[in-house]
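Structural overview for review
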Number of protein chains: 2
Amino acid sequence: MREINIALLGFGTVGRGVAEVIRRNSKIIEDQIDCKLRITHVLVRNTEKYRDLDILKDVVVTDDFNCVIDAAPEIIIEVMGGIHPAKEYIFEALNHRINVVSANKDLVALFGPEIMHTATENKVNFSCEASVAGGIPILKPLHDSLAANQIESIIGIVNGTTNFILSDMDDSGVSYSDALRVAQKKGYAEADPTNDVCGYDAARKLAILASIGFRANVTFDDVLVEGIEKISQKDIQYASEMNYTIKLLAVAMRQENGIALNVYPAFVPRSHPLASVKGSYNAIYVTGNIVEDVMFYGRGAGSLPTASAVMGDVISTAKHILNHSTGTEMMLTETKRIPFYSSLKLKNAYYFRLLVDDMTGVLSQIAAAYADNNISIREVVQKSRIEDAAELMIITEETPRENIIHVEKALQVLPCMRQVANIIRVMDDGKR
Amino acid sequence: MREINIALLGFGTVGRGVAEVIRRNSKIIEDQIDCKLRITHVLVRNTEKYRDLDILKDVVVTDDFNCVIDAAPEIIIEVMGGIHPAKEYIFEALNHRINVVSANKDLVALFGPEIMHTATENKVNFSCEASVAGGIPILKPLHDSLAANQIESIIGIVNGTTNFILSDMDDSGVSYSDALRVAQKKGYAEADPTNDVCGYDAARKLAILASIGFRANVTFDDVLVEGIEKISQKDIQYASEMNYTIKLLAVAMRQENGIALNVYPAFVPRSHPLASVKGSYNAIYVTGNIVEDVMFYGRGAGSLPTASAVMGDVISTAKHILNHSTGTEMMLTETKRIPFYSSLKLKNAYYFRLLVDDMTGVLSQIAAAYADNNISIREVVQKSRIEDAAELMIITEETPRENIIHVEKALQVLPCMRQVANIIRVMDDGKR
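Quick caveat, the model's predicted, so the values are computed rather than measured.

1. Digging into the pattern of salt bridges
Residues and elements named next belong to chain A. Counting across every chain of the model gives 62 salt bridges over all chains. Residue R181 pairs with D178 through a salt bridge whose shortest N-O separation is 2.5 Å. Taken together, the residues R181 and D178, both in helix α8 (residues 176–185) and three residues apart, mark about one turn of the helix. Between D222 and R337 there is a salt bridge, and its shortest N-O distance comes to 2.8 Å. Linking D222 in the loop between α10 (200–213) and β8 (224–225) with R337 in the loop between α12 (303–322) and β13 (347–357), this pair joins segments that are 115 residues apart in sequence. Look at R337 and you get partly exposed, because its relative accessible area is 44%. Connected via shared salt-bridge partners are E20, R23, R24 and D54.

Given below as structure tokens:
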């Protein structure tokens, strides 16, 4: 049987998953492509750590990338993460006419088009399904199956850490900091959780999704980001009372004159399919002008689920190798920039939680501030009273972001205002 | 700009959608493939009906298939439906080395492998994404993106008519027959709804899904089918009280010694992602041994959503034509049969609704019948009393189907039994 030699760059969580899949499902894979996939080399920083692993017993474990290149594998799987030296390795591999499969969202979000052009020039494949939303098939379906659509919007729950924290706060009534601690204990959050809870990770994935969906060059820097650090148990609870749940959404939205790209927490109606995406699951909700709404749901991370996406790409690449058609399937090739729509103009309904003096006339002061900024109020509820302070919840009608920024400033200087405790977008259920 | 000529066989709902997409999104499509797609011929039975349509003004409308073949289009889109003459047309097109895209589930469910082999022999493409679940990208993702997985189960809500009826019964509290009438009025159900409500349509789609997922030749006849005709408002209501909703599920399940293939209504826990699939939406929930759970959700029918899937295939085919690589992407080629697992052995929890005499000792008679058939009872609730009859709801533990059939017979002959009103499977929430 024909064999295809594979080198793995990196042997962390995903790398081990890939090795495990090739071992466990070898027959399933061979039946499909009539060819054996064999890991011949694994590149790691500290080779000693891996010498005695049973799963690597017939594999060359090396810390020297030249050794990998010299072995001339037909496919290199890059699962080391980070920009350097992953970037240099990938370009060198492609320039040596070696096909590359990568799970590296940081790299793809920054250098997707450049990498893809180098692959095409060298007539080899570069694929990166695993770089967004772990095991969920999304990049290829978005690029190929929905190709006839003008994509109107992409709304993703693409960060497992924040979704775990928010789900836990919703299900168990715990505080943000307790939920974060649990996430850290379970390995869902890192010791320094900034990258996840501040929305940067979601922004990288959104850049990749938007690049493919809107066929343009969108990078991390184009995305405006808000995190979940300010979400309190009270916000969760008030959302729940109105039949909403709070999710961190990565949103790319076509507007009349450009694309708006934002990551923010939002109230999601419980009847919306995104509301039932719990714990470390991810989902991407896509609206096209032809297909209407589609959603892709599944495990957004984890060793085996991510390896499933990597190996899907590897098997596709193997088919291309056997068909002598590598270098023909491209995505993320667009270098054209698109106009970005100012998020200041973007309309949403908003939730406000305000702590105010509990005295007559307060509501009229507050209502005037909203009216002065052209904001219609949908609902005002006094939620609780703490000594001489009252907590108000206000839901606005759809309002441009800039008016919200203005009213926030106006509210903060009102004599009766103790604290503008939180402002969160409210997703409308739309026509569903 | 290079042009690819296309002929459309059939100009019903989907055919019109395809023409509309090519008109509306032509720029989006041309930007991707650097090539113009042009419908040159439309084959219909009654040409007079279509002569004055604006959208067909530069198109040859004909009732003669030879006229289509003689024009030698590069792609034929078959959206006429039914077996004859669609089957003959498709084989003739393939044998003339014309690529074919089809939305015809009846045909693909019966002759998938045969068609695919003819396509391969002739080095052309045959694709049929639109044959299952309308606009939802499912066949290609299942075949390609999940290729590294051993598929463990496929659970689909793949029939929009029944899902509309069941959602309506759940949301509005109407009876089955009223919901069916509404569905017929809205065009979701046909005058003779048998094909949908009895589960045959879902069974065809399951055959296609299982063929791809389990890489075997599965046909409509392999699927055991139960419909929704017996579901009453009471069943819906009792399900709801226990936090379930009733859905018609198409289920392919890997067992130790084969694959079990069934279509049946079932209680689905409201926390399960399939529970929020409402109205005419479809979803397919796939479990693989690597990826764990993924779900694909969207519009399961309709002119434009289905055309989105058709056109996704057309654009892929166009890329293959331009790359001179048609005939290399195959699915549904397996002719190997797999052992089918007897559905009699398949275990589920079950819901029983029983109408019994309202007198002492009845429960012990009934409990004995279950015990005699090795069925453990999880819950018994007396739901209502009508004159001298009582209505009981019983939920069993997981039990093989054959024991359920036996207990049904045993219950029917009990002196206290007025009616075994309904028996419905209960889907466990599993580890989620």
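2. A word on the interface of chain A and chain B
Across the contact, 46 residues belong to chain A and 46 residues belong to chain B. In total, chain A and chain B occlude about 4100 Å² of area from one another, counting both sides; carbon and sulfur atoms represent 53% of this. Our count for the contact surface shared by chain A and chain B stands at four salt bridges. Between K319(A) and D144(B) there is a salt bridge; the shortest N-O distance is 3.9 Å. When residues of the side of chain A that touches chain B are traced back to their parent elements, those giving at least two are α1 (13–24), α2 (26–33), α6 (139–145), β11 (281–288), β12 (292–299) and α12 of chain A. Looking at the side of chain A that touches chain B element by element, the count peaks at eight residues for β12(A). Classifying every residue of the side of chain A that touches chain B gives 22 nonpolar, 14 polar and 10 charged. Judged from the five bridges that link them, β12(A) and strand β12 (residues 292–299) of chain B form a sheet pairing that is antiparallel. Note that in β12(B) the partner of Y297(A) across the bridge is M295(B).

3. Brief notes about the nonpolar core
With 173 residues, the main nonpolar core has I138(A) and I138(B) as its most contacted residues. Those residues in contact with I138(A) that sit more than four places away from it in its chain are E129(A), V132(A), A133(A), L209(A), I284(A) and F296(A).

4. A short note on the relation of the copies chain A and chain B
Once chain A is rotated about the relating axis by 180 degrees and shifted along it by 0.0 Å, it coincides with chain B to within an RMSD of 0.0 Å. Put plainly, the chains are arranged around a two-fold axis. Among all residues of chain A, the minimum C-alpha distance to the rotation axis is found for F296(A), at 2.5 Å.

5. Regarding the sheet that holds strand β4 (residues 75–78) of chain A
All names here are of chain A. With parallel pairing, six strands are arranged side by side in an open sheet as β3-β2-β1-β4-β5-β6. The outermost strands of the open sheet, each flanked by one partner alone, are β3 (60–62) and β6 (126–127). Of the pairings in the sheet, the one linking strand β1 (residues 3–9) to β4 comprises four bridges and is parallel in character. Counterpart to L9 in the pairing with β4 is E78. Sheet strands touched by helix α4 (residues 86–95): β1, β2 (36–43), β4, β5 (99–102) and β6. Its angle to β5, the strand with the most contacts, is close to 150 degrees.

6. Quick look at the UniProt feature "binding site: NADPH" (unreviewed entry) in chain A
The sites that carry the UniProt feature "binding site: NADPH" (unreviewed entry) are, in the present numbering, K105(A). With respect to the helices and strands, the residue K105(A) is situated in helix α5 (residues 105–121).

7. Re the sheet that holds strand β1 (residues 3–9) of chain B
The strand order β3-β2-β1-β4-β5-β6 (chain B) describes an open sheet built from six strands, whose pairing is parallel. The open sheet has two edge strands with one neighbour each: β3 (60–62) and β6 (126–127) of chain B.

8. Thoughts on unusual backbone geometry
In this structure, the amide linkage connecting H84(A) to the following residue, P85(A), adopts the cis form with an omega of 5 degrees. One non-glycine residue, K123(A), lies in the positive phi region at around 55 degrees. In this structure, K123(A) sits in the loop between α5 and β6. One non-glycine residue, D34(B), lies in positive phi territory at about 55 degrees.

9. Some points on the side chain of S131(B)
Turning to its location among the elements, S131(B) is positioned in the loop between β6 and α6 (139–145). If we ignore the near neighbours within four places in the chain, the residues touching S131(B) are S102(B), A103(B), N104(B), K105(B), V108(B), L139(B), K205(B) and I208(B).

10. Considerations on the environment of N374(A)
Mapping N374(A) onto the fold places it in the loop between α13 (362–372) and β14 (377–386). The exposure class assigned to N374(A) is exposed, which follows from its relative accessible area of 66%.

Basis of the calculations
Residues numbered from 1 in each chain as written. Chains lettered and ligands numbered in written order. Predicted model: local features only at pLDDT ≥ 70, side-chain atom pairs only at ≥ 80, totals over all residues. Heavy atoms only, no water. Salt bridge = Lys/Arg side-chain N within 4 Å of Asp/Glu carboxyl O. Helix = DSSP H or I, 4+ residues; strand = E, 2+ residues; numbered from the N terminus. Buried < 20%, exposed > 50% of the residue type's maximum accessible area, 1.4 Å probe, protein only. Contact = heavy atoms within 4.5 Å. Buried area = accessible area lost by both parts, 1.4 Å probe. Nonpolar A, V, L, I, M, F, W, Y, C, P; charged D, E, K, R; others polar. Pairing = 2+ DSSP bridges. Core = buried A, V, L, I, M, F, W, Y, C linked by side-chain atoms within 4.5 Å. Least-squares fit on C-alpha atoms with pLDDT ≥ 70 in both. Axes fitted to C-alpha atoms, helices over the stretch in contact; angles between N-to-C directions. UniProt positions renumbered as here; feature names shortened; annotations may be inferred.

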